[in-house]
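What follows is each chain in one-letter form.
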Amino acid sequence: MEPQGSARLNSRKRRKEGAGPNGAAETDGIPSKMPRHCLGLREPAPFADELEVDYSKPYIRVTYEEALRGTPLERPVRVYADGIFDLFHSGHARALMQAKNLFPNTYLIVGVCSDELTHNLKGFTVMNEAERYDAVQHCRYVDEVVRNAPWTLTPEFLAEHRIDFVAHDDIPYSSAGSDDVYKHIKEAGMFAPTQRTEGISTSDIITRIVRDYDVYARRNLQRGYTAKELNVSFINEKKYHLQERVDKVKKRVKDVEEKSKEFVQKVEEKSIDLIQKWEEKSREFIGNFLEMFGPEGALKHMLKEGKGRMLQAISPKQSPSSSPTHDRSPSPSFRWPFAARTPPSSPANLSRNKSAVAYDISEDEED
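Residues numbered from 1 in each chain as written. Predicted model: local features only at pLDDT ≥ 70, side-chain atom pairs only at ≥ 80, totals over all residues. Heavy atoms only, no water.

**Overview of the pattern of salt bridges**
Next up, step 1: Counted under the stated rule, the structure contains 14 salt bridges.
Next up, step 2: For Arg147, the salt bridge goes to Asp49, with nearest N and O atoms at 3.0 Å. Of this pair, Arg147 sits in strand E3 (residues 144-147) while Asp49 sits in the loop between helix H1 (6-10) and helix H2 (64-69), and the two are 98 residues apart along the sequence.
Next up, step 3: Under the relative-accessibility criterion, Asp49 is labelled exposed at 55%.
Next up, step 4: Counted as one network, the salt bridges with shared partners bring together Asp49, Glu50 and Arg147. (Salt bridge = Lys/Arg side-chain N within 4 Å of Asp/Glu carboxyl O. Helix = DSSP H or I, 4+ residues; strand = E, 2+ residues; numbered from the N terminus. Buried < 20%, exposed > 50% of the residue type's maximum accessible area, 1.4 Å probe, protein only.)

Okay, structure coming up:
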């Protein structure tokens, strides 16, 4: 993997305090998406005392300008960075990343101080030295780890490990009776500054734990740790258990309240839905009622029609006299068969003829 230039790295804007978590930068300078390829390493970084060094070849330091221009592949710029690295976090990883990217061809050596030296000069650590060595070994930017690193760098140590530059933040580090333990390194022109990641440090993490001690003590008690392992007194242990039960009751009450709110909300939604459906049905019912029983409804027309039929059924038929007269053609005269002439009209015959004529007329009218 080819290292990136230091200009891009040093121009990065570090995040302000209170911005993203774990020291994330507001403008990191890293592209949002990168080509997918394997950048990981398969093995942890080796320890310096486990490597073979050919001391027969003379070692000549490179200047800062030569290092920036780039050195041959077989002659990388050897950069040294040291620290305690307790509770290894992203601030440590970012500092080592900056040191690795100081020059185009960098070999990063990281020194980790021992427990004895750290406890005497700085304070007690959470992780022991073996755990801190192992954490630094598995950082992807580290090429070599120096165990039991010195607090103050001596010329002999620099020559033994053939160090070209020392990387650290530029803030004066006062310790071991000195205002700045890197003062002689700066004067020798071997100092390469990096930037601190604000908002994240080992002290900050410990402060969070101490501030919320009761929370983390209860957390570990729940996970099976004993009060003795946590250095918790009998009274505090009972107090924590009581607090845990109270929290469970509060959680249950909160869950019940949330469920009740959900139930009430569902009931309200259903009631609104029922009211809307009732209104629709009532409008439909009223419309059908008016259509049937209204002033111009179907029932009125049905009554009118039935009344008309009833009146027609019960009304008497018209008499024949009132019927209109029809013009009739005269009936042909009746002749007796085998008679050459009409028989004489006798009074009896005349009366029979009149009755026949009347009978014929009545039959015609009936037809």
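**Comments concerning helix H10 (residues 234-293)**
Next up, step 1: The terminal C-alpha atoms of H10 lie 87 Å apart, and with 60 residues this matches the ideal 88 Å at 1.5 Å per residue to within 8%.
Next up, step 2: Looking at H10, one finds that the buried residues are Glu237, Tyr240 and Glu244.
Next up, step 3: Residues of H10 that are buried in the fold lie against helix H9 (213-222). (Expected span 1.5 Å × (residues − 1). Contact = heavy atoms within 4.5 Å.)

**Quick word on the sheet that holds strand E2 (residues 106-112)**
Next up, step 1: If you walk across this open sheet you meet the 5 strands as E3-E2-E1-E4-E5, and the pairing is parallel. Taken across any chain shown, the strands that pair with only one partner, and hence form the sheet edges, are E3 and strand E5 (191-194). Looking at each pair of strands side by side, their axes are set apart by 30 degrees on average, direction ignored.
Next up, step 2: With 4 bridges joining them, E2 and E3 adopt parallel strand pairing. Each bridged residue has a counterpart across the sheet, and for Val110 the counterpart in E3 is Val145.
Next up, step 3: On top of the sheet, helix H3 (residues 90-100) reaches strand E1 (77-83), E2, strand E4 (165-169) and E5; it is set at about 145 degrees to E2, its chief contact. (Pairing = 2+ DSSP bridges. Axes fitted to C-alpha atoms, helices over the stretch in contact; angles between N-to-C directions.)

**Brief notes about a nonpolar patch on the surface**
Next up, step 1: A cluster of nonpolar side chains, Phe285, Ile286, Phe289, Leu290, Met292, Phe293, Leu299, Met302 and Leu303, forms an exposed patch at the surface whose accessible area comes to about 920 Å².
Next up, step 2: Contributing elements (two or more residues each) for the nonpolar patch: H10 and helix H11 (298-314).
Next up, step 3: Note on placement: Met302 falls in helix H11. (Patch = residues over 30% accessible without salt bridge, like charges linked within 9 Å, V, L, I, M, F, W, Y side chains within 5 Å. Areas by Shrake-Rupley, 256 points an atom, 1.4 Å probe, with all protein chains shown as cover.)

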